[in-house]
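The residues making up each chain are set out below.
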Amino acid sequence: MNEVIKQLQNRRSVREFTGEKVKDDDLKLILETAQRCPNSVHGQQTSLIVVKDKDKIKKIAELSGGQKQVENADVFVLVLADYYRPYYAAKSIGTEIGIQKSLEGVITGAVDAGIMVEAIQTAAESLGYGTTVIGGIRLNPEAICEMFNLPEYVFPVLGTTIGVPAENKLKTPKPRVSYESFALDEVYDKAKVEKGVEDFDADYRKWWDENGLSQMPSYKESIKNYYENAANERYKRVSDIVKKQGFDFDKSE
């Protein structure tokens, strides 16, 4: 097994850091490397805001639901769906774009942001740093937009912490559903997916227990807790602020 495969198979979300600094040269290398990741039509509709100021990181942690893993990180990178860049490019030659006012634009922006955060994390982990994806910034998207002076056609999709990882107390990486219920042959197989859920629910419960975390919910319970009410206030807030930032695809022609 080569080193790249080994790193990816053993990746984990790091929630505890030593407090050591991320080297400036390392951070620049991580972000320059991540910038080479793929993006739709080479529009480069993703931008980053790199945050090192501890007061700002603490505020991000508060806005993300009081996440200590954010507050204790040395660096926080905010990943933006950024259609202001292509908007300006078109405007500068006397035309305009409409992608930001379509559902396709919202999906493309989110996909590109996801690809970017994975590239950041892979590069960071290759240098010995730890990371965690933070979707909690969307708990208070309006405050995040104001905090970072985001213009129209720019939306904060997610972020990632970067820091020197503390000792890993977990015995093994967090498990996944079975390969057979994940990589489906030729067509979608509901029976395999359902069996995968049933098997994984038991496996996940066992994994928590083996790591002394019996208070943590099973897979089914965690899904219920996160997704039970798709119309809850969090989802509505995201929808409202997305539209406020100019991504109002309901009004597209």
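About the criteria used
Residues numbered from 1 in each chain as written. Predicted model: local features only at pLDDT ≥ 70, side-chain atom pairs only at ≥ 80, totals over all residues. Heavy atoms only, no water. UniProt positions renumbered as here; feature names shortened; annotations may be inferred. Helix = DSSP H or I, 4+ residues; strand = E, 2+ residues; numbered from the N terminus. Rg over C-alpha atoms; globule rule 2.2 N^0.38 Å. Contact = heavy atoms within 4.5 Å. Salt bridge = Lys/Arg side-chain N within 4 Å of Asp/Glu carboxyl O. Buried < 20%, exposed > 50% of the residue type's maximum accessible area, 1.4 Å probe, protein only. Pairing = 2+ DSSP bridges. Axes fitted to C-alpha atoms, helices over the stretch in contact; angles between N-to-C directions.

The name given to the chain in an unreviewed UniProt entry is Nitroreductase family protein, with the source organism recorded as Pseudoleptotrichia goodfellowii F0264. We quote the UniProt Sequence similarities (unreviewed entry) comment for the chain here in full: "Belongs to the flavin oxidoreductase frp family."

Caption draft 1: Here's a closer look at the overall build of the chain. Assigned secondary structure in the chain consists of eleven helices and four strands. Over its C-alpha trace the chain gives a radius of gyration of 20 Å, about what one expects of a compact globule, namely 18 Å for 253 residues. By its C-alpha atoms, the chain is 60 × 45 × 40 Å across when sized along the principal axes. In the chain, 76% of the contacts between residues at least 6 apart in sequence involve partners at least 24 apart.

Caption draft 2: Structural detail: the pattern of salt bridges. By the definition in use, this model includes twelve salt bridges. The salt bridge involving Glu 62 is made with Lys 59; its shortest N-O contact spans 3.9 Å. One end of the pair, Glu 62, and the other, Lys 59, are both in helix α3 (residues 54-63), three residues apart, so they sit about a helical turn from each other. Its salt-bridge partner being Glu 198, residue Lys 220 comes within 2.8 Å of it at the nearest N-O pair. With Lys 220 in helix α10 (residues 219-227) and Glu 198 in helix α9 (residues 190-210), this residue pair connects regions lying 22 residues apart in the sequence. The partly exposed category is assigned to Glu 198, whose relative accessible area is 47%.

Caption draft 3: Quick peek at the UniProt feature "domain: Nitroreductase" (unreviewed entry) in the chain. According to UniProt, the "domain: Nitroreductase" (unreviewed entry) feature falls on residues 9-163. The distance separating the terminal C-alpha atoms of residues 9-163 is 20 Å; by composition the span is 42% helix and 19% strand.

Caption draft 4: Region of interest: the sheet that holds strand β1 (residues 46-51). Spatially, the four strands line up as an open sheet ordered β1-β2-β4-β3, and their pairing is antiparallel. Edge positions in the sheet fall to β1 and β3 (130-134), since each has one partner strand and no second. Averaged over all neighbouring strand pairs, the angle between strand axes comes to 25°, with direction disregarded. Sheet strands in contact with helix α6 (residues 103-126) are β1, β2 (75-82), β3 and β4 (154-163), and its direction is about 10° off that of β4.

Caption draft 5: Geometry of the environment of Ala 119. Assignment of secondary structure puts Ala 119 in helix α6. Residue Ala 119 is classed as buried on the basis of its relative accessible area, which comes to 19%. When the C-alpha atoms of Ala 119 and Ala 34 are compared, they prove to be 4.8 Å apart, with 85 residues separating the residues in sequence. If we ignore the near neighbours within four places in the chain, the residues touching Ala 119 are Ala 34 and Cys 37.

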